[in-house]
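Breakdown of the fold
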Amino acid sequence: MLLESSIYETRVSYIEITEECSPLRTLDHDRLWRRLMDLGAISDAGEGTSRTSFGDAFQAGREFLAEEFRDAGLRVFVDHAGNLHGRLDGRRAETLLIGGHSDTVPNGGRFDGALGVLSALDIAQTIGESGNQPEYSIEVIDFLAEEPSAFGLSCIGSRGFAGRLTPVDLERRDPGGERLGDALRRVGGDPSQLGPVDPERDFLGFLELHIEQGPVLAERSASLGVVTDIAGIVRYRFRVEGAAAHAGTTPMAKRRDALVAAGRFASNIYESVAGVQGLVGTVGQFAVFPNAANVVPGRVEGVAEFRSASRDLPNSASAIMTAALPERDALGCAFSFEEYMRTEPVGMSPRLQTVIRKSIERSGATSVALFSGAGHDAVEVSRRAEVGMMFCPCRDGISHSPAEWVEPGDVARALAAYRLAVLSLVSADDVEREE
Ligand code: HGY
Ligand code: MN
Ligand code: MN
């Protein structure tokens, strides 16, 4: 395989895939790179890429994707859970789902999620243009709202795909007062249908190519990752009630400073988690009220989340939250917290792990099996179909940041391997699929 990796400023050249692994002689890698840059430029104002779900930039990104899906010869539709699909019919109806998510965290990067959707699009287009109709059908999917949304829920589209959205979920409101049900309708979903998407459909599986968002591939000098399992997540909303007071006239000893109390709480959580192998904890949301320079903070509201591969996570997280509460009398503040979201840790399909690993080998790249501390739509989709994920390295493992970056050569290498995995799953009677 000829792979001329190039520096960032220039485009990655074509990759010559040797005959025996595919009827498709070359991959037009420029097309994927161009789409990644074009989609990455569709963003709200500010640093990095911001396409938070349901917002204007997200909708503009969806329009871009629908257009690219159509240009790629795919049949475009939105399912009742608000997921965008691009379908390539095979000789048989059984379908392989491949894709990712086009929403981002605020001020995030160009690759988290988008790499999954656009690499899948490129592969479906390449297969469609080859003139060799695949034995099985392919659907490229952009799952709605994979990131934590303004409704306090993540993986909304894949939850809906699995039939796990509830009437209570649809009544959730964002800070502007919009109901999730109305937002879902606004992006093309149908909140009157809450069951799984196409319950009678038979899926060959779901594959996603995603950036690793961590340091393991670089540390292990492996070019691509085969994901073995995805961490469970537990999230809590917490509230610290003190007393707003004049910053100039209130004696220090009489203050009930909610920010000082909340800061100690966050620091206690950090210290408690730091020593526990296989557990991570983050206070990532923190709002101070009234948030004025000359007012002692009266209230702090925030979110704490914990992640682990252990099924005991909910218990250990709850114990850490309780233990992290500072002594009440030292600060005179009242604390409250409630769990509002939880996902179980999920194992990836052993069969799809084998397909991914063998495809990486056939593409001439090296691979390592690794755990995902990041959550993904595969957690929800695993309730409907076997799931598998391939990781490609991102610079310094940085993600959820404007500094998120992937070298074009790494994208090219991942695309070549990913395409072989897809081909092996949608081609007739491929031994690997039978495993
Ligand atoms: O939060 C996560 O792990 C993912 O990026 N949504
Ligand atoms: Mn993310
Ligand atoms: Mn993601």
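An account of the accompanying structure is given in this report.

A word on the overall build of the chain
When helices and strands are tallied, the chain shows 14 helices and 18 strands. Taken against the 2.2 N^0.38 rule, which gives 22 Å for 435 residues, the C-alpha radius of gyration of the chain at 23 Å falls within 12% of a compact globule. Within the chain, the fraction of its 435 residues that count as buried is 56%. A separation threshold of at least 6 residues defines the contact pool for the chain, and within that pool the share at least 24 residues apart is 77%. On the chain, roughly 17600 Å² of surface is accessible, and the fraction owed to carbon and sulfur atoms is 50%. Taking the 44 positively charged and 64 negatively charged side chains of the chain as two groups, their mean positions are separated by 4 Å.

A word on the pairing of strand E18 (residues 387–392)
For a regular strand, the rule is simple: side chains alternate between the two faces of the sheet. Among the 6 residues that make up E18, 6 are buried, leaving the element largely enclosed by the rest of the structure. On E18, burial covers both faces: Val-387, Met-389 and Phe-391 on one face and Gly-388, Met-390 and Cys-392 on the other are all buried. The pairing of strand E9 (residues 224–230) with E18 spans 2 bridges and is antiparallel. Residue pairing for E18: Val-226 is matched across the bridge by Met-390.

What about the coordination of the manganese ion (ligand 3)?
Distances from the manganese ion (ligand 3) to its protein donors, His-101 (NE2), Asp-112 (OD) and His-210 (NE2), fall within 2.1 to 2.3 Å. Here the manganese ion (ligand 3) and the manganese ion (ligand 2) are spaced 3.5 Å apart, and both take Asp-112 as a donor. Taken together, the residues His-101 in the loop between strand E6 (92–100) and helix H3 (114–130) and Asp-112 in the loop between E6 and H3 connect sequence positions 11 residues apart. Like His-101, the residue Asp-112 is buried in the burial classification.

Describing the pattern of salt bridges
Enumeration over the complete set of coordinates arrives at 30 salt bridges. Here Glu-380 and Arg-164 are joined by a salt bridge, their closest N and O atoms 2.7 Å apart. Of this pair, Glu-380 sits in helix H12 (residues 378–381) while Arg-164 sits in the loop between helix H4 (156–161) and helix H5 (167–170), and the two are 216 residues apart along the sequence. Judged by relative accessible area, Arg-164 falls into the partly exposed class, the value being 29%. Taken together, the salt bridges that share partners define one network made up of Arg-87, Asp-89, Glu-139, Asp-198 and Arg-201.

Remarks on the state of the cysteines
Simply put, the disulfide is a covalent bond whose two ends are the sulfur atoms of two cysteines. Under the defined criterion, the tally for this structure stands at 0 disulfides. Among the cysteines around Cys-155, which has no disulfide bond, Cys-394 carries the closest sulfur, lying 18 Å off. Take Cys-155: its relative accessible area is 9%, and that puts it in the buried class. A disulfide-free cysteine, Cys-392 has its sulfur positioned 7.3 Å from the sulfur of Cys-394, the nearest such atom. Look at Cys-392 and you get buried, because its relative accessible area is 0%.

Here we look at the coordination of the manganese ion (ligand 2)
Distances from the manganese ion (ligand 2) to its protein donors, Asp-112 (OD), Glu-147 (OE) and His-400 (NE2), fall within 2.1 to 2.2 Å. Within one chain, the residues donating to the manganese ion (ligand 2) are spaced in sequence as D-x34-E-x252-H. A relative accessible area of 41% means that His-400 is categorised as partly exposed.

Looking at the packing of aromatic side chains
Under the definition given, this model contains 12 aromatic pairs. Feature note: the residues Phe-143, Phe-161, Phe-203 and Phe-206 constitute an aromatic cluster, connected by ring pairs. One residue, Arg-384, lies across the ring of Phe-161, its end atom 5.1 Å from the ring centre.

As for the packing of H3 against helix H13 (residues 408–426)
The contact between H3 and H13 brings their axes to 10 Å, and the two run at 60°. Between H3 and H13, the angle falls in the class oblique. Between H3 and H13 lies a crossing of right-handed hand. Note on element contacts: H13 touches H3 through Val-411, Leu-415, Tyr-418, Arg-419, Val-422 and Leu-423, opposite Leu-115, Ser-119, Ala-120, Asp-122, Ile-123, Thr-126 and Ile-127.

Notes on H3
With 17 residues, H3 extends 24 Å between its outermost C-alpha atoms, agreeing within 8% with the 24 Å of an ideal straight helix rising 1.5 Å per residue. The buried fraction of H3 amounts to 14 of the 17 residues, a majority that puts the element mostly inside the structure. Two residues or fewer after H3 comes Gly-131, characterised by a positive phi angle close to 85°.

Some details on the nonpolar core
Leu-36, Ile-98, Leu-207, Tyr-418 and Val-422 are the most contacted members of the largest nonpolar core, which has 55 residues in total. Broken down by element, this core gets its largest block of residues, 10 residues, from H13. Those residues in contact with Ile-98 that sit more than four places away from it in its chain are Ala-120, Ile-138, Glu-139, Val-140, Ile-141, Phe-206, Leu-207, Tyr-418 and Val-422. Grouped together as the second largest cluster of nonpolar side chains are 23 residues, Leu-97, Val-368, Ala-385 and Met-389 included.

Calculation notes
- Residues numbered from 1 in each chain as written.
- Chains lettered and ligands numbered in written order.
- Predicted model: local features only at pLDDT ≥ 70, side-chain atom pairs only at ≥ 80, totals over all residues.
- Heavy atoms only, no water.
- Helix = DSSP H or I, 4+ residues; strand = E, 2+ residues; numbered from the N terminus.
- Rg over C-alpha atoms; globule rule 2.2 N^0.38 Å.
- Buried < 20%, exposed > 50% of the residue type's maximum accessible area, 1.4 Å probe, protein only.
- Contact = heavy atoms within 4.5 Å.
- Areas by Shrake-Rupley, 256 points an atom, 1.4 Å probe, with all protein chains shown as cover.
- Lys, Arg positive; Asp, Glu negative; His and termini not counted.
- Charge placed at Lys NZ, Arg CZ, Asp CG, Glu CD.
- Pairing = 2+ DSSP bridges.
- Donors = N, O, S within 2.8 Å, 3.2 Å for Na, K, Ca; no water.
- Salt bridge = Lys/Arg side-chain N within 4 Å of Asp/Glu carboxyl O.
- Disulfide = S-S within 2.5 Å.
- Phe/Tyr/Trp six-rings, centres within 6.5 Å; stacked < 30°, edge-to-face > 60°.
- Lys NZ or Arg CZ within 6 Å of the ring centre and 35° of its normal.
- Axes fitted to C-alpha atoms, helices over the stretch in contact; angles between N-to-C directions.
- Parallel < 35°, antiparallel > 145°, perpendicular 65-115°, else oblique.
- Left-handed = near helix turned anticlockwise from the far one by under 90°.
- Expected span 1.5 Å × (residues − 1).
- Core = buried A, V, L, I, M, F, W, Y, C linked by side-chain atoms within 4.5 Å.

Remember, this is a structural readout, not a statement about activity or role.
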